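A closer look at the structure
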Amino acid sequence: MLELCRELPKIELHAHLNGCVRDSTLLELAKLLGATDVEDVILKKGRSLKECFQLFDLYHILTTDHAILTRITQEVIEDFASENVVYLELRTTPKKNEAKGMTKRSYMEAVIDGLRAIDTVEVAFLPAANSENLIGSLPNDITHNETQRKKIFVRLLLSIDRRETTAAAMETVNLALEMKDMGVVGIDLSGNPEVGEWQTFLPALQHAKEKGLPVTLHCGEVPNNKEIHSMLDFYPQRIGHACYLEEEHWKKLKASKIPVEICLTSNYRTERISTIKEHHFADLYNANHPVSLCTDDVGLFSTDLTKEYDLAASTFGFNKEEVFQLSRNVIKFVFADDDVKRTLAAIYDAAEKRFMP
Ligand code: IMP
Ligand code: ZN
């Protein structure tokens, strides 16, 4: 099953750039900065939610620099493409860093430079209208021919960190609107769920909604009855996690049909659940609720999308057809346009003949 999950075309909707940096790159960057005592911290496997956010502060010290952002973007895309992810929505929090002459815009431009710089993999990240490098409409050998370069669609989501102010959140939404032509397709609200108030971000999220920019929210990573209600009432295009929903939230969520980005390993590692078996994925799946398996942070949680599909298959007893369908269903929830969705459908059609001859 692991091999099949690797071969399977996959769609990743919930991956944070800085959470996906290779351990080897982090260690190299730490050494360059003269930080010799961080190896144990970076390589440690089990982490509480609190420790994860402390670690992100360390990662950001190592990576918030234009050239390094370009490099990590390149590596992260190569890694996803190498395991046959054919569409990736990569999210990242644009950051200012005066010492480096960095603005939120120049941060994002460095990320986009990373997308442009990749040549080991064929990357399509611009919307069709002004794309020089859109993948052909029938990439039927997308995952099959090992001698060909892998092909991947990449779209970007700009994250608002829960530590930010209303004005900073608004700046991020406006930047996303300005960068729609550069492959930015939506907004994410993330960051330490114990920090910040929903009301702080609402004006910016409302602005995104009014402008037709899709929104996904980290929702219910900690128990917070009122916030979860408000988030569901906001009616985002998708939510991530949904770990601490109560009965009335479940009812609201299921009635809304808002797709849920499921991060099994992340939720287990951060002790949101005590076993994978008891994860709410099973209930949502059985209720036919829209779900997509995601990694959250490949580097931080030592996982990849192949492992997440394999974990779901082994824990919940899925056969080949069910795993294939689980992956294919995700096409419906991507934020990219219908042309991309049609191309993805063609990729899955071609793959189906190989998987289920
Ligand atoms: P970045 O946005 O590329 O810097 O990716 C790291 C950031 O993503 C972190 O600083 C958090 O704000 C956010 N993040 C990553 N994983 C999680 C999570 O599990 N919950 C909430 N926020 C997260
Ligand atoms: Zn996340």
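The numbers attached to residues start from 1 for each chain and follow its sequence in the written order. Key to labels: chains lettered from A, ligands numbered from 1, both in the order written. In keeping with the model being predicted, local features are shown solely for residues with a pLDDT of at least 70 and side-chain atom pairs are shown and tallied solely at 80 or more, while totals for entire chains, interfaces and linings include all residues. The basis for every side-chain value is the complete set of non-hydrogen atoms in the structure, without hydrogens or water.

Overview of the site of ligand 1
Convention followed: Being near a molecule or strand, for a residue, comes down to having at least one heavy atom within 4 Å of it. Within 3.5 Å is the distance limit for a polar contact, defined as a pair of N or O atoms, with the added protein rule that one can donate a hydrogen and the other accept it, and that residues adjacent in sequence qualify only through two side-chain atoms. Definitions used for this entry: grid spacing 1 Å over protein atoms alone; cavity, a set of points where a 1.4 Å probe fits but cannot get out; pocket, an open set with protein on both sides within 12 Å along at least 5 of 7 lines; lining residue, one with an atom within 4 Å of a point. In this scheme, a molecule is assigned to a cavity or pocket if more than half of its atoms are within 2 Å of the grid points. Secondary structure follows DSSP: runs of H or I at least 4 residues long count as helices, runs of E at least 2 residues long count as strands, and numbering of each begins at the N terminus.
Around ligand 1, the structure places 17 residues, and the nearest of them are His60, Thr92, Thr93, Lys95 and Asp297. Gly191 is positioned such that a nitrogen or oxygen atom in its backbone is 2.9 Å from a nitrogen atom of ligand 1. Among the detected pockets, ligand 1 sits in the largest pocket. Take the shell around ligand 1: its biggest share by element is three residues, from helix 4 (residues 49-63).

Brief notes about the packing of aromatic side chains
In plain terms, the rule: Two aromatic rings from Phe, Tyr or Trp, using only the six-membered ring of Trp, form a pair when their centres are within 6.5 Å; if the ring planes differ by under 30 degrees the pair is stacked, by over 60 it is edge-to-face, and anything between is tilted. Classification of residues uses two cut-offs on accessible area relative to the type maximum, computed with a 1.4 Å probe and protein chains only: under 20% is buried, over 50% is exposed, and between them is partly exposed.
The tally for this structure, following the rule as stated, stands at 10 aromatic pairs. Measuring from ring centre to ring centre gives 5.9 Å for Phe56 and Tyr59, while their planes differ by 85°; the resulting arrangement is edge-to-face. Note that Phe56 and Tyr59 are positioned in helix 4 at a spacing of three residues, about one turn of the helix. A single burial state applies to Phe56 and to Tyr59, both of which are buried. Each ring, one from Phe281 and one from Phe318, has its centre 6.1 Å from the other, and the planes form 80°; the classification is edge-to-face.

Points about the packing of helix 2 (residues 23-32) against helix 4
Put simply, the rule is: A fitted line through C-alpha atoms serves as each axis, taken over the contacting stretch for helices, and the angle formed by two N-to-C directions is quoted from 0 to 180°. If an angle is under 35 degrees, it is roughly parallel; if it is over 145, roughly antiparallel; if it lies from 65 to 115, roughly perpendicular; otherwise it is oblique. What makes a crossing left-handed is the near helix being turned counterclockwise from the far one by less than a right angle; a clockwise turn instead makes it right-handed. By definition, residues are in contact when any of their heavy atoms lie within 4.5 Å. The nonpolar class holds Ala, Val, Leu, Ile, Met, Phe, Trp, Tyr, Cys and Pro. Asp, Glu, Lys and Arg form the charged class, and all remaining residues, Gly among them, are polar.
Helix 4 packs onto helix 2 with a crossing angle of 65° between their chain directions and a minimal axis gap of 9 Å. One element, helix 2, and the other, helix 4, form an angle in the roughly perpendicular class. Helix 2 and helix 4 meet at a crossing whose hand is left-handed. Contact residues: Leu26, Leu29 and Ala30 in helix 2; Tyr59, Leu62 and Thr63 in helix 4. Taken together, the residues of the contact of helix 2 with helix 4 sort by class into five nonpolar, one polar and no charged.

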